[in-house]
Amino acid sequence: MGVLLALILFFLLNSVASLSDWRVDLTEEHRYTLEETTRQQLKELTDPIEITVFLQGEFPSGFKKLATSTEQFLSLLKKQNPTFFQYRFISPLEEVSEGKLWGDSLLFMGALNINLTVQKKAGQSSNILFPVALVQYKGQQSLVTLLPGASRAISQTELNRAEALLEFQFTSIIDKLVHPRKPGIAYEIGHGEPTDQQTYQLRMALQKDYELRTLDLTRQPAVPAGVDLLLVVKPALRFSEAEKLKIDQYVMRGGKLLCFIDNLVAEMDSFGRKPAIVAFDRDLNLGDLFFRYGARINPDLVMDLRCEVSYIQVGGTVEQPQNEFLPWNYFPLVGAPLADKKLKTAGYVGLRFANSIDTVEAPGVTKTPLLASSEQARTITTPALISLNENSTVPENKLFNRSEIPVAMLLEGKIPSLFRNRIFGAQADSMKRFGQPFIAQALQGGVLLVADGDLVLNDYIPAVDQKGTYDPQAPLVPTEMGWNPYTHFEYLTGGEAGRYFMPVANKEFLLNSVEYLISNPAISQLRAKEITLRLLDGQRVNQYRLWAQMLLILLPLLLVIGGGFLFQWIRKRQFAH
């Protein structure tokens, strides 16, 4: 009767458990718990939403782990709204329609692909990987990049960061599809900012989800209403005090400011005329504005041992130059520092002749570094002589002794006006008549300052077909934002230098920055979610490897064998007579 009662109780408990979706998340960082913002977004779905993840196939272990983590997260979303939420995993080699592969459609939509070379018994086989997901809702669709700036191999740190950002990535995309209102972005053009083909990828990246327009501060009396974000990219001309006042009062009224500033004049085009150039100050007259807000762009250049390569002449003559692909320390590959709990852009961001940023005292203003150099970096001050001959010798590592030099800074909070105690009389009356009285302090201001103007610009390369051939007479095509045109072209054509190609996450950084500044604050807070990386101490593992093997492998065997002998000995004593 006891056994029968136990069986009945067992089946009864399992039956009750199958009817309930109750669960307990025992992880310290609550990795299997959705935030209230995400749950609310899923409740607002009024039509089916379908998510297609292109991570099915034979991939290295890192990408398999990413696929598993993505499937686990999507299963959590589905439990919140099983009626309208559906997802699937497919291969990019499957057909979306007759004769058309998913991979071709993804490339057309701007998805990043990674060419994996897998070693098999019969030789090598090429496998194209798309670490993206396609979200479709009410006839709209949008891509989620699961691993921004990915390379052929994923480090454990990159994987952890990508997993921690899954909830933010999917929730922000779902929010845009459910609430399709486009915030307004004004691109300033009155001070020599680039408006040519270099901004093609910038325009394409922002036009989809934002209302992008141009604004000339030299002609407009103020930043007009409806502008949620003012974007200033690589200005070349000096700002007047009146124009700085327009920017300042826009920030004081709650507007968001995103600046990509080159403090020094230093361009690779200058090396076409001579082998060395001198970087000098642009004299933009913006230093006091940023200083009052709590930051200062220094008149220096950041050099980093973690950097891009460039195609540089190392010898020969003008008629027959000898060029090589060599590391160029002035093109650092920067990443999110440990102190960044807000943007946390995954992958490296490529810079060109960037300046460092220092913070200064500004009560009420929170300063957060968003991009920083590696642990082996340095700065050189102006006047800075930049010579191509620097690459002829290996840099002295001992000079690169600075770690995490900030190159992007987020300023938030009660930002003070530069013109406090400077606006009196007729000027103050004029601002009141215009309907915009002077404000001395922002209640909740937001300024993101990046010390590199080239971060959001793109280059052009010859068009290359799927076979890796190109037509020199065909029109040039734009590279992705910040991608190295030399190594990218070599990668597409199968050249030897293609191994240096790094798909930097400049576009992701731009979109993350814009989204953080003007999106729903509750969704932006999802970036703060972290998954703790708990790794074994590699040095201690090597030191105690033999003891660990004996403890975990040999000891259990000895216990089983010893237990068997003990059992037989006890049986013999018990039943010998």
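Definitions and limits used
Residues numbered from 1 in each chain as written. Predicted model: local features only at pLDDT ≥ 70, side-chain atom pairs only at ≥ 80, totals over all residues. Heavy atoms only, no water. Helix = DSSP H or I, 4+ residues; strand = E, 2+ residues; numbered from the N terminus. Buried < 20%, exposed > 50% of the residue type's maximum accessible area, 1.4 Å probe, protein only. Contact = heavy atoms within 4.5 Å. Areas by Shrake-Rupley, 256 points an atom, 1.4 Å probe, with all protein chains shown as cover. Lys, Arg positive; Asp, Glu negative; His and termini not counted. Charge placed at Lys NZ, Arg CZ, Asp CG, Glu CD. Polar contact = N/O pair within 3.5 Å; in protein donor to acceptor, adjacent residues only side chain to side chain. Pairing = 2+ DSSP bridges. 1 Å grid on protein atoms, 1.4 Å probe; cavity = no way out; pocket = protein on both sides within 12 Å on 5 of 7 lines; lining within 4 Å. Points joined across faces, edges and corners; volume = space filled by probe spheres on them. Nonpolar A, V, L, I, M, F, W, Y, C, P; charged D, E, K, R; others polar. Axes fitted to C-alpha atoms, helices over the stretch in contact; angles between N-to-C directions. Left-handed = near helix turned anticlockwise from the far one by under 90°. Salt bridge = Lys/Arg side-chain N within 4 Å of Asp/Glu carboxyl O. Core = buried A, V, L, I, M, F, W, Y, C linked by side-chain atoms within 4.5 Å. Parallel < 35°, antiparallel > 145°, perpendicular 65-115°, else oblique. Phe/Tyr/Trp six-rings, centres within 6.5 Å; stacked < 30°, edge-to-face > 60°.

Check the secondary structure of the protein chain and you find 15 helices and 27 strands. A principal-axis box enclosing the C-alpha atoms of the protein chain has dimensions of 115 × 65 × 55 Å. Per-residue burial for the protein chain yields a buried fraction of 46% across its 577 residues. Counting contacts in the protein chain only where the partners sit at least 6 residues apart, residues at least 24 apart contribute 76% of the total. Accessible surface, the protein chain as shown: approximately 30300 Å² in total, 56% of it carbon and sulfur. Charge-centre separation for the protein chain: the mean point of 58 positive side chains lies 6 Å from the mean point of 61 negative side chains.

Turning next to helix α11 (residues 485-493). Listed in full, the buried residues belonging to α11 are Pro485, Thr487, His488, Phe489, Glu490 and Tyr491. The N-cap of α11, judged by a side-chain oxygen 3.0 Å from the amide nitrogen of Tyr486 a few residues on, is Asn484. Looking one or two places after α11, you find Gly494, whose phi comes out positive at around 80°.

Taken together, three strands build an open sheet; the order of strands is β13-β14-β23 and the sheet is antiparallel. Two strands close off the open sheet at either side, each with one partner strand: β13 (264-265) and β23 (384-387). Where β13 and strand β14 (residues 276-281) come together, two bridges link them in antiparallel fashion. Opposite Leu264, over in β14, you have Asp281 as the bridge partner.

Moving on, we get to empty space enclosed by the protein. Counted according to the given criterion, the structure contains two cavities of 30 Å³ or more. Grouping the amino acids of the lining of the largest cavity by side-chain chemistry returns three nonpolar, three polar and two charged. Lining the second largest cavity are Val232, Phe239, Ile247, Leu257, Cys259, Leu286, Leu289 and Phe290. For the lining of the second largest cavity, the secondary-structure elements that each account for two or more residues are β12 (256-260) and α9 (287-293). Taken together, the residues of the lining of the second largest cavity sort by class into eight nonpolar, no polar and no charged.

Where helix α2 (residues 36-43) meets helix α6 (residues 166-178), the closest approach of the two axes is 10 Å, and the angle between their N-to-C directions is 35°. In the crossing of α2 with α6, the sense of the turn from one axis to the other is left-handed. Between α2 and α6, the contacting residues are Thr38, Gln41 and Leu42 on the first element and Glu167, Thr171, Ile174 and Asp175 on the second.

Within the secondary structure layout, Thr368 lies in strand β21 (residues 365-372). Apart from residues lying up to four places away in sequence, Thr368 is in contact with Ala339, Asp340, Lys342, Ala408, Met409 and Leu410.

For Thr381, the location among the structural elements is in strand β22 (residues 377-381). Separated by 88 residues in sequence, Thr381 and Thr469 place their C-alpha atoms 44 Å apart.

So, on to the sheet that holds strand β2 (residues 85-89). In spatial order, the strands read β2-β1-β7-β8; together these four strands make up an open sheet with mixed pairing. In the strand order of this sheet, the two ends are held by β2 and β8 (140-145), each with one partner. Strand-to-strand twist across the sheet, computed as the mean angle between neighbouring axes with direction ignored, equals 20°.

Under the criterion given, the structure shown has 19 salt bridges. A salt bridge links Asp216 to Arg219; its shortest N-O distance comes to 3.2 Å. Here Asp216 falls in the buried class, since its relative accessible area comes to 17%. The partner of Glu241 in a salt bridge is Arg422, with the nearest N and O atoms 3.2 Å apart.

Let's shift gears to the nonpolar core. Grouped together as the largest cluster of nonpolar side chains are 38 residues, with contacts concentrated most on Leu230 and Ile261. Those elements that provide at least two residues to this core are β11 (229-233), α8 (241-252), β12, α9, β15 (295-297), β24 (406-413), α10 (425-433) and β25 (445-450). Element by element, the count of residues in this core is highest for α8, at five residues. Beyond its immediate chain neighbours, meaning those up to four positions away, Ile261 contacts Val232, Pro235, Leu284, Leu286, Phe290, Ile297, Asn355, Leu449, Val450, Ala451, Asp452 and Gly453. If you look at the next biggest cluster of nonpolar residues, it comprises 36 residues, including Tyr187, Val334, Val349 and Leu448.

Now for the environment of Phe567. Among the structural elements, Phe567 can be located in helix α15 (residues 545-575). Counting along the chain gives 372 residues from Phe567 to Thr195, while the straight-line C-alpha distance between them is 85 Å.

It is worth spelling out the packing of helix α3 (residues 61-80) against α6 at this point. At their nearest, the axes of α3 and α6 sit 11 Å apart, and the two run at 55° to each other. One way to sum up the angle between α3 and α6 is to call them oblique. α6 is crossed by α3, and the crossing has right-handed handedness. Residues Ser69, Thr70, Phe73 and Leu74 of α3 lie in contact with α6, whose contacting residues are Leu166, Glu167 and Phe170.

With that out of the way, let us pick up the packing of aromatic side chains. Under the definition given, this model contains twelve aromatic pairs. Taking 6.4 Å as the distance between ring centres and 80° as the angle between the ring planes, the aromatic pair formed by Tyr87 and Phe89 counts as edge-to-face. When the ring of Trp483 is compared with that of Phe501, the centres are 5.1 Å apart and the planes differ by 75°; the resulting orientation is edge-to-face. Taken together, the positions of Trp483 in the loop between β27 (476-478) and α11 and Phe501 in the loop between α11 and α12 (506-518) put the pair 18 residues apart, joining distant regions of the chain. In this structure, Trp483 and Phe501 share a single accessibility class: buried.

In this section: unusual backbone geometry. What is expected of a backbone is that most residues other than glycine have negative phi and most peptide bonds are trans. Cis peptide bonds are those with omega within 30 degrees of zero, and the linkage from Thr382 to Pro383 qualifies with -5°. Looking at the element boundaries, Pro383 is found in the loop between β22 and β23. Of note, Phe353 is a non-glycine position whose phi angle comes to about 50°, a positive value. Checked against the element boundaries, Phe353 lands in the loop between β19 (349-350) and β20 (357-359). For Phe353, a relative accessible area of 4% puts it in the buried group. Residues other than glycine seldom take positive phi values, yet Glu404 does so here, at roughly 50°. Residue placement: Glu404 occurs in the loop between β23 and β24.

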